[in-house]
Structure formats: C-alpha cells, structure tokens
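Listed below, chain by chain, are the residues.
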Amino acid sequence: MTRSGISFSRFLSLHQLAVENNPRTGNLGALIKVFLSRTKELKLSAECQNHIFIWQTHNALFIICCLLKVFICQMSEEELQLHFTYEEKSPGNYSSDSEDLLEELLCCLMQLITDIPLLDITYEISVEAISTMVVFLSCQLFHKEVLRQSISHKYLMRGPCLPYTSKLVKTLLYNFIRQEKPPPPGTHVFPQQSDGGGLLYGLASGVATGLWTVFTLGGVGSKATASPELSSPLANQSLLLLLVLANLTDASDAPNPYRQAIMSFKNTQDSSPFPSSIPHAFQINFNSLYTALCEQQTSDQATLLLYTLLHQNSNIRTYMLARTDMENLVLPILEILYHVEERNSHHVYMALIILLILTEDDGFNRSIHEVILKNITWYSERVLTEISLGSLLILVVIRTIQYNMTRTRDKYLHTNCLAALANMSAQFRSLHQYAAQRIISYTCRHLRRYVYVLDKLYFPHSHCSTLQHCFSTLSDNGEELLSLTCSHILRSYASSLFSLLSKKHNKVLEQATQSLRGSLSSNDVPLPDYAQDLNVIEEVIRMMLEIINSCLTNSLHHNPNLVYALLYKRDLFEQFRTHPSFQDIMQNIDLVITFFSSRLLQAGAELSVERVLEIIKQGVIALPKDRLKKFPELKFKYVEEEQPEEFFIPYVWSLVYNSAVGLYWNPQDIQLFTMDSD
C-alpha cells in the first residue's frame, strides 16, 4: 500500500472514535468554527497567494467532509443535528443558547464556491467545498423512499442559504462549461523554492501531496469498476451537485428554488428584463453552454443535464432549436443510441427523450434534412459516404427499435422511438435510399411476423398433419419446404384470413392482453406464447403504416426513394388491404402502389433503377393530390410521468455513487437503489 493509502486508512479508522466521543468533546464543532473563521479571510488569501493558509483551510474542510459522511451514514438526521448544535457549558453557565453550525457551514460553503476566485491554489478547496455539499445531501442514499422532508429542505430552501441560489447554480454551470483541469499534484500548494525550503516546507508539502493523491485517486476503497479518468474533477463534481439540487423534491411550503433557477435563466445577450414573478433568475452565455453540452455527451450526467435544460428551460430550448449547427448536438446523441448495447438503459432513455423533444419542432424536422454529413465512421452496418442528418437519425432510431424488440422488449422505449419518427414523418425530405429501404423493410418484418402469428392461431400444424407427414419423408429440408408452402397457401388466402380476423381479432387481442397480465379466467384457454406478441406487433405495424402514410400525404414529391422501396415490397403490403385494423390507413398506401405500378407496367419490362426512379418522379407530378385521403397530423409531445422524482432521484444518486471524485460509500449501506441496477 502507498504511503498516502496508509495515512488515509489510519484516518478512516478514527471515524468511529470521533462519532462516539464528539458529544463529549465537541471536537467537530470546534473544527467547524476554525474553518468558518478562516473562510472569512480566504478570498484575501487567494489574492495574496497565501498558500499555507489555503492549504490549512482545505485540510480542515477535508476532515469535516470525511466526518460528515460517516455521521450521515450512521445516524438519523435528529442525531446529526445534535452533533452540530453542541455547545460546551462552563460551570455556573446555564444558558440554553446554541448555534446551528450545520446551517452556518452550508452558507459558508455556498459563499466559498461562488466567491473564491478559481486559481491553482484554490482549485482543490473549491472541489472539496462542492464535495462536502454533495455529502451533506447524501442522506437520500440511505433511504429506500424518496425524501420529501429532510434537513436538505430545511437549510437549502429557506433561511440564510436561499439568497445564494441563483449564484450557486450559475457558478456550477460555469464550472461545467469551463472544464478547468486540475493543477499538477503538489505544485499548486506551495511555490517552488530554489533553496529547497526548510523542514516545515518539506513536511507540509509531503502531507499536501499525499492528500492530493488521495483526492485524485478516489481514496481508499475505490469503486470496483474504475471510472475513466476525468479531465476536470471540478466540472464533474459541479455537474453532479447541480443535478442533485435540481432534483430535490419541493418543500411543503415552497417549490425547489434550484429547479426554479434552472428553469428561468436567460442568455447574456438577452437584454429583456426578468418578470418580477420569476425568482432566482440570472444570465449565462448560451453559446458557451451549448458548446460544452455538445462536447460532453459521452457521460450520463451531461446527457441528463441536456435533457433537464431542454425540458424545463424554454429559453434554452428556443436557442438550441435556432442553431444552424444542430449536428454538433444531435450526432453525439445518435451515437449513444447506436451503441445501445454498451450503454445503460437510463442513458439510452435520456438520449431518446432528447430526440423526442427536438422532433416536436417542425423547424428542426425540416432543417435536419438539409444538413449533409460525410463518412460517418461509427455507423458500421453500411458505408455512408454521404447522408443527411435526418436520414441518419431515421436509421439509428429504427435500429434502436429493432434492438429493443429483439432484446429488451421495453414498450416505453419503442413507443418513444416511434413517436420521434412520427413527429418527423410529415417533413421527410430526400430520404437516403438506405433510410427509405429500412423504413419499408422494418415494416415488412413486422407484417411477416404478424402473418406468422395468425398462421399459428388459425392454421395450427395439427390441422396439416397429412401435409406435414408427406414433407417429413423428403429429408431434413422437409420442414423448411413445409414452412414455405404453408406461407404460400396463407398468402393465397389472405383475404379469407383477414375476413375471419375481422370477426375474431378483438377477442384474440383481449385474450392476449389478459394472458400477459395473468388475468385469464378459469374457463379461458391460455394462448400460446407467440400469441402474446400480437398486441405489440399490431401497435408497431399501425404506427409504421401511419408514418409511411404521413410521408406520402405530405411530402411524396420529395421522396422517390421511399416510393421505390414501397413498390419493391408491394406484394406484402397488398395482402393487408382488407385487414380490419389497418384498412383505413392502407387506403393511401394502396393508392400509391396501384398508381405507380400501373405507370411502371406501361413503361415495359427490364427497367433499370435509374429509369424506375425517373418514372416515379414524373408520376408524382401527375398524381392528383386530392386523391390522397387526409389524416390528422401525427404529433406526439413528451410529458413527464406523475412523480418523476421516483425515477430521477435514484438515477442521479447512482451517477453520484459511480462518478463522484474522491467520494466512496459502502455499497452495503446504500438503500436507494440496488447495486446491480443501471
């Protein structure tokens, strides 16, 4: 073990003694008072480059943070407050006055974070102050239920800490924006001395370097899976604290002021006055914030911040949607979704919801088809030398749906993917041939799956035993031949099948739903497993057909590649003309297939791809638009579910647990989330 590790282990072994003895000795209170008195001179010390004073103040705060973490983990909030209100009474002094040192400490930390200039010599104490605030809020980790009343609400949402709200949020955001790297270990504490310094310098620098090593390495007991090295511990810690504060539940008598600040801040270039009704308002450079968000999307916490700002701050949302370089933001989000296998589910959800929020805007949906990208190296299914951002978005979202349907089978995820595609569909422009092909082929995949399920339901193999026996004598290829023959027979009688389905499919779907919920009555015959997919498959088919229909109705002339792909698979679509669930939405699709098939027939056989596309482009002009039936516009809006804190608070704290610099909690003590969750 390294020297710094040994010293830190010994320090940790004293925690329990401190917890037991503090009510008698009052050492914690005395140490806090020393720290409070020193912070009053900290700003001046920074300006005067007083290294030793800042180093000593940091060490005091470091010890306070370590002790506070142990206290919060091991005792109730009531007991914790007793330790911070202890007052030694001298003989004959019966005064009951006591100071609330915890409130003073928090106010002091907020002042330190917001007022002390960020220099090499103050970097470490700035990070320590932020870490101490995170530790103070960490009582949530040791409760299974979301805390709605706690010391966090008592101190941070009212009283002397409240006026620092906007300044603290602004500082934390700027720390994230600037991504300041830490100074080299040790060199920032004391200036280099040519004579080598005296004994005091040698001892002090040795201890300081040891503490900095502990700080940068995460201390003894680091998490089992080492997180990637952070270029800016200050930015990372600031972002985590900001997310924790933003997701605090409202107090019983007041809304969360930190969320209010995040919801209302404006661009520094916006000169309009703030309404008097908006508290905790401030201004920040939106261009710098946008750049930082684009560059940092590899981390969960940066993606969560982007979601929070887009969803809650209309000023930010308007600014981002007006940018002419949206590809800088969208491409990192698409890359998260593309590598869905490597990401945790929460990160994927946040990325997907960000896309859904963006696609609510028609201007965004139009502009992404005007941005042409070259050589997308991370997309490995096919070489994409040139493709629009809109077509790439379609490809990635369809790939995400397909992954979900075959692996995780999460209805929430595929519903939001389809909603994003639906929002875009009316503005599809000049779709890349591969994107058009994927839209149609993905729809066909589910059409085939649907036919397969119906085949199993209405034409079980037990009814074809004679045919099956005949094929079974033909060698090992008999089973495959039987499947192909049955599918051919099924296609031949598709009209009859769907006529039968029109009478029975509602009952089948109802029974499938009951089977999924485990609520079948004793008289019902349970459906086989494959029938339980019927609801999901029909929902996906319906939405994909509506997306295709929306594109044909609103932008047919812009998308010859989609018409080409549709004609290529027309045999399968034609089977669904009479399907009771899709008959209405199939009218326009069937009309387009019939119209263009007729023109291709007139043009003769052996047509090249280029000639077919030329006929399609000519036919688009000739097709009367009034023949296409108008449907309500496909529009979906993201709305947070009731009690979103039940999702976000455990998620945020899991990020703190896994990503915070220099903070470690015993996994056996964590109650808020399970350690194997994302």
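Reading the values: the criteria
- Residues numbered from 1 in each chain as written.
- Predicted model: local features only at pLDDT ≥ 70, side-chain atom pairs only at ≥ 80, totals over all residues.
- Heavy atoms only, no water.
- UniProt positions renumbered as here; feature names shortened; annotations may be inferred.
- Helix = DSSP H or I, 4+ residues; strand = E, 2+ residues; numbered from the N terminus.
- Buried < 20%, exposed > 50% of the residue type's maximum accessible area, 1.4 Å probe, protein only.
- Areas by Shrake-Rupley, 256 points an atom, 1.4 Å probe, with all protein chains shown as cover.
- Salt bridge = Lys/Arg side-chain N within 4 Å of Asp/Glu carboxyl O.
- Core = buried A, V, L, I, M, F, W, Y, C linked by side-chain atoms within 4.5 Å.
- Contact = heavy atoms within 4.5 Å.
- Polar contact = N/O pair within 3.5 Å; in protein donor to acceptor, adjacent residues only side chain to side chain.
- Phe/Tyr/Trp six-rings, centres within 6.5 Å; stacked < 30°, edge-to-face > 60°.
- pLDDT = per-residue confidence, 0-100.
- Expected span 1.5 Å × (residues − 1).
- Axes fitted to C-alpha atoms, helices over the stretch in contact; angles between N-to-C directions.
- Parallel < 35°, antiparallel > 145°, perpendicular 65-115°, else oblique.
- Nonpolar A, V, L, I, M, F, W, Y, C, P; charged D, E, K, R; others polar.

As recorded by an unreviewed UniProt entry, the protein carries the name Dymeclin and is attributed to Macaca mulatta. UniProt's Sequence similarities (unreviewed entry) comment on the protein is quoted here verbatim: "Belongs to the dymeclin family."

A. Spotlight on the overall build of the protein. Across its full length, the protein holds 31 helices and four strands. Across the 678 residues of the protein, 52% fall into the buried class. Carbon and sulfur atoms form 51% of the exposed surface of the protein, whose accessible area is close to 31,800 Å².

B. Region of the structure containing the pattern of salt bridges. Counting across every chain of the model gives 16 salt bridges. E646 is the partner of R148 in a salt bridge, and the nearest nitrogen-oxygen pair spans 3.0 Å. One end of the pair, R148, is in the loop between α8 (123-137) and α9 (151-156); the other, E646, is in helix α31 (residues 645-659), with 498 residues separating them in the sequence. The exposure class of R148 is partly exposed, given its relative accessible area of 33%. R542 is paired through a salt bridge with E546; the nearest N and O atoms lie 3.0 Å apart. Taken together, the positions of R542 and E546, both in helix α26 (residues 534-555) and four residues apart, correspond to about one turn of that helix.

C. Quick look at unusual backbone geometry. One non-glycine residue with positive phi stands out, namely N375, at about 50 degrees. With respect to the helices, strands and loops of the structure, N375 is situated in the loop between β3 (372-374) and β4 (386-388). Take N375: its relative accessible area is 52%, and that puts it in the exposed class. Non-glycine residue S430 carries a positive phi angle of around 45 degrees. Tracing the backbone through its elements, the reader meets S430 in the loop between α21 (411-425) and α22 (433-458). On the basis of relative accessible area, S430 is assigned to the exposed category, the value being 54%.

D. Looking closely at the environment of K144. On the secondary structure map, K144 appears in the loop between α8 and α9. On the basis of relative accessible area, K144 is assigned to the exposed category, the value being 62%. Sequence separation between K144 and Q671 is 527 residues, and the spatial gap between their C-alpha atoms is 5.0 Å.

E. The arrangement of the nonpolar core in detail. Counting residues in hydrophobic clusters, the biggest one holds 206 residues, and the most contacted among them are F35, Y379, L392, F573 and W653. Not counting chain neighbours up to four residues away, the residues in contact with W653 comprise V134, L137, S138, Q140, L141, V244, L672 and F673.

F. Looking closely at the side chain of D325. By the element assignment, D325 lies in the loop between α16 (314-322) and α17 (327-338). Of the residues examined, D325 reaches a relative accessible area of 17% and is grouped as buried. There is a polar contact of 2.9 Å between the side chain of D325 and the side chain of R323.

G. View of the environment of R366. With respect to the secondary-structure elements, R366 resides in helix α19 (residues 362-367). Placed 63 residues apart in sequence, R366 and R429 show a C-alpha to C-alpha distance of 7.5 Å.

H. Molecular detail of the packing of aromatic side chains. Inspection of the entire model under this criterion finds 17 aromatic pairs. Centre to centre, the rings of Y307 and F648 are 5.4 Å apart; their planes meet at 15 degrees, and the pair counts as stacked. With a gap of 341 residues between them, Y307 in helix α15 (residues 300-312) and F648 in helix α31 connect regions that are remote in the sequence. Judged on exposure class, the residue Y307 and its partner F648 are both buried. Ring centres of Y450 and F576 lie 6.4 Å apart, and the angle between their planes is 50 degrees; on these two criteria the pair is classed as tilted. Linking Y450 in helix α22 with F576 in the loop between α28 (570-574) and α29 (583-603), this pair joins segments that are 126 residues apart in sequence.

I. A look at the confidence of the model for the protein. Residues with a pLDDT of 70 or more make up 77% of the protein, whose mean pLDDT is 80. With pLDDT under 50 throughout, residues 1-8 is counted as low confidence; its partners more than four residues away or in other chains account for 11 contacts. Confidence over residues 470-487 falls short of pLDDT 50; this stretch has seven contacts with residues more than four positions distant or in other chains.

J. Representation of α21 within the structure. Helix length check: α21, at 15 residues, gives a terminal C-alpha distance of 21 Å against a target of 21 Å (1.5 Å per residue), a fit within 8%. Most of α21 is tucked away: 12 of the 15 residues are buried. Regarding α21, the residues found buried are L413, H414, N416, C417, L418, A419, A420, L421, A422, N423, M424 and S425. In this structure, the buried side of α21 is in contact with α18 (345-358), α19, α20 (389-408) and α26.

K. The arrangement of the packing of helix α14 (residues 286-295) against α16 in detail. Closest axis-to-axis distance for the α14/α16 pair is 11 Å, and the angle between their directions is 75 degrees. It follows from the interaxial angle that α14 and α16 lie roughly perpendicular. Where α14 approaches α16, its residues F286, N287, L289, Y290 and L293 are matched on the opposing element by N315, I316, Y319 and M320. Split into classes, the residues belonging to the contact of α14 with α16 amount to seven nonpolar, two polar and no charged.

L. Quick look at the environment of E41. By secondary structure assignment, the location of E41 is in the loop between α3 (27-39) and α4 (42-47). As a C-alpha pair, E41 and I54 span 13 residues in sequence and 9.4 Å in three-dimensional space.

M. Representation of the side chain of E124 in the model. Here E124 shows up in helix α8. Only 3.1 Å separates the side chain of E124 from the side chain of H58, close enough to count as a polar contact.

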